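# Structure at a glance
In case you want the letters, here they are:
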Amino acid sequence: ERSLVVGGGECGGELVLERTFAVNVLAPFVVTSLLLPLLTARDGSRIVFVSSMSQCDEIVDWEDGFMKRCEGGDYSAHRAYSESKLMDAMLSNEFAERLSPLGCKRITVNALDPGTVNTKMLLEGWGPCGIDVEDALDETWIASSEELDGVSGKYFVGRIEHPPGRSARDSEQRKRLWGILSELAPDDVDKAWDKVL
């Protein structure tokens, strides 16, 4: 059994591509896609996207998807993080749908909110208001629990299934995100997908 848990925890920073988008969304898309031939080589693999209950409900401004400009020209690290975590849930659902022809016995894809964990980012922004990193085991549960054998395309908060944001449930918006990421990704991503489907 193989599991891949992917997710970034970046909150803020403007670069050529907005850093939160690059770390939290583009990087997991590329890494996960490149590992697909290995992950689909045998039954029982799992992909887990680390989202957040801080995700917004929908992407409002696709033209500003990389946060190059914001209302009034102000950059919002919170908005960038919130949208990036929604995009992770969107990716999880889109990966699950695109890999579904292989069957849930071969590979499953789910997303989760890891809980309020005292990560470096949380400590720097809000102080110690969550659980210790050593006690944050929801990623381990979703990556290895037998109770999730064959379960795919779901989003979990506190080990309970919840609906993700509206954009994650909208196949047209997921495809739009996929197109944007595919344009930004190296050609090897398409080759990896060609090998598994």
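To keep things clear, this report deals only with the structure shown in the data block.

Reading the values: the criteria
- Residues numbered from 1 in each chain as written.
- Predicted model: local features only at pLDDT ≥ 70, side-chain atom pairs only at ≥ 80, totals over all residues.
- Heavy atoms only, no water.
- Axes fitted to C-alpha atoms, helices over the stretch in contact; angles between N-to-C directions.
- Helix = DSSP H or I, 4+ residues; strand = E, 2+ residues; numbered from the N terminus.
- Left-handed = near helix turned anticlockwise from the far one by under 90°.
- Contact = heavy atoms within 4.5 Å.
- Nonpolar A, V, L, I, M, F, W, Y, C, P; charged D, E, K, R; others polar.
- Buried < 20%, exposed > 50% of the residue type's maximum accessible area, 1.4 Å probe, protein only.
- Pairing = 2+ DSSP bridges.
- Salt bridge = Lys/Arg side-chain N within 4 Å of Asp/Glu carboxyl O.
- Polar contact = N/O pair within 3.5 Å; in protein donor to acceptor, adjacent residues only side chain to side chain.
- Bend = angle between axes of the 7 residues up to and from the residue.
- Expected span 1.5 Å × (residues − 1).
- Arc of directions from axis to C-beta.

For the rest of this paragraph, the subject is the packing of helix H1 (residues 19-39) against helix H7 (residues 187-196). Contact geometry of H1 with H7 gives a least axis separation of 8 Å together with a crossing angle of 40°. When you trace H1 past H7, the crossing you get is left-handed. Counted together, Phe29, Val30, Ser33, Leu34, Leu36 and Pro37 of H1 and Asp188, Val189, Ala192, Trp193, Lys195 and Val196 of H7 form the full contact between these two elements. Here the residues of the contact of H1 with H7 are counted per class, giving nine nonpolar, one polar and two charged.

Below, the discussion takes up the pairing of strand S3 (residues 107-113). Extensive coverage of S3 is indicated by the burial of seven of its seven residues. Burial along S3 is two-sided: the face carrying Ile107, Val109, Ala111 and Asp113 and the face carrying Thr108, Asn110 and Leu112 are both buried. Of the strand pairs in this sheet, strand S2 (residues 45-50) and S3 are connected by six bridges, and their pairing is parallel. Considered in S3, the bridge of Arg46 is made with Thr108. Judged from the three bridges that link them, S3 and strand S4 (residues 155-157) form a sheet pairing that is parallel. Pairing of Asp113 across the sheet is with Val157, part of S4.

Using the criterion set out here, one finds 14 salt bridges in the structure. Between Lys191 and Asp188 there is a salt bridge; the shortest N-O distance is 3.9 Å. With Lys191 and Asp188 both in helix H7 and three residues apart, this pair spans about one turn of that helix. Among the residues examined, Asp188 registers a relative accessible area of 44% and is labelled partly exposed. Salt bridges sharing partners connect three or more residues here, namely Glu94, Glu97, Arg98, Arg174 and Lys175.

Mapped onto the elements, Ser33 comes out in helix H1. Given the relative accessible area of 0%, Ser33 is considered buried. A distance of 2.8 Å separates the side chain of Ser33 from the backbone oxygen of Phe29, its partner in a polar contact.

This brings us to H1. Of all bends in H1, the biggest is about 35°, found at Leu26, and the proline Pro28 comes one to four residues later. Those residues of H1 that fall on the buried side of the exposure criterion are Thr20, Phe21, Asn24, Val25, Leu26, Pro28, Phe29, Val30, Thr32, Ser33, Leu36 and Leu39. On its buried side, H1 packs onto strand S1 (3-6), S2, helix H2 (77-99), S3, helix H6 (171-184) and H7.

This paragraph deals with H6. A rise of 1.5 Å per residue sets the reference length of H6, with its 14 residues, at 20 Å; its end C-alpha atoms lie 20 Å apart and thus fit the reference within 8%. Burial in H6 covers these residues: Gln173, Arg174, Leu177, Trp178 and Leu181. All buried residues of H6 fall inside an arc of 140° around its axis, so they share one side. Across H6 from its buried face, at more than 90 degrees, point the exposed residues Glu172 and Glu183. Elements in contact with the buried residues of H6: H1, H2, helix H5 (166-169) and H7.

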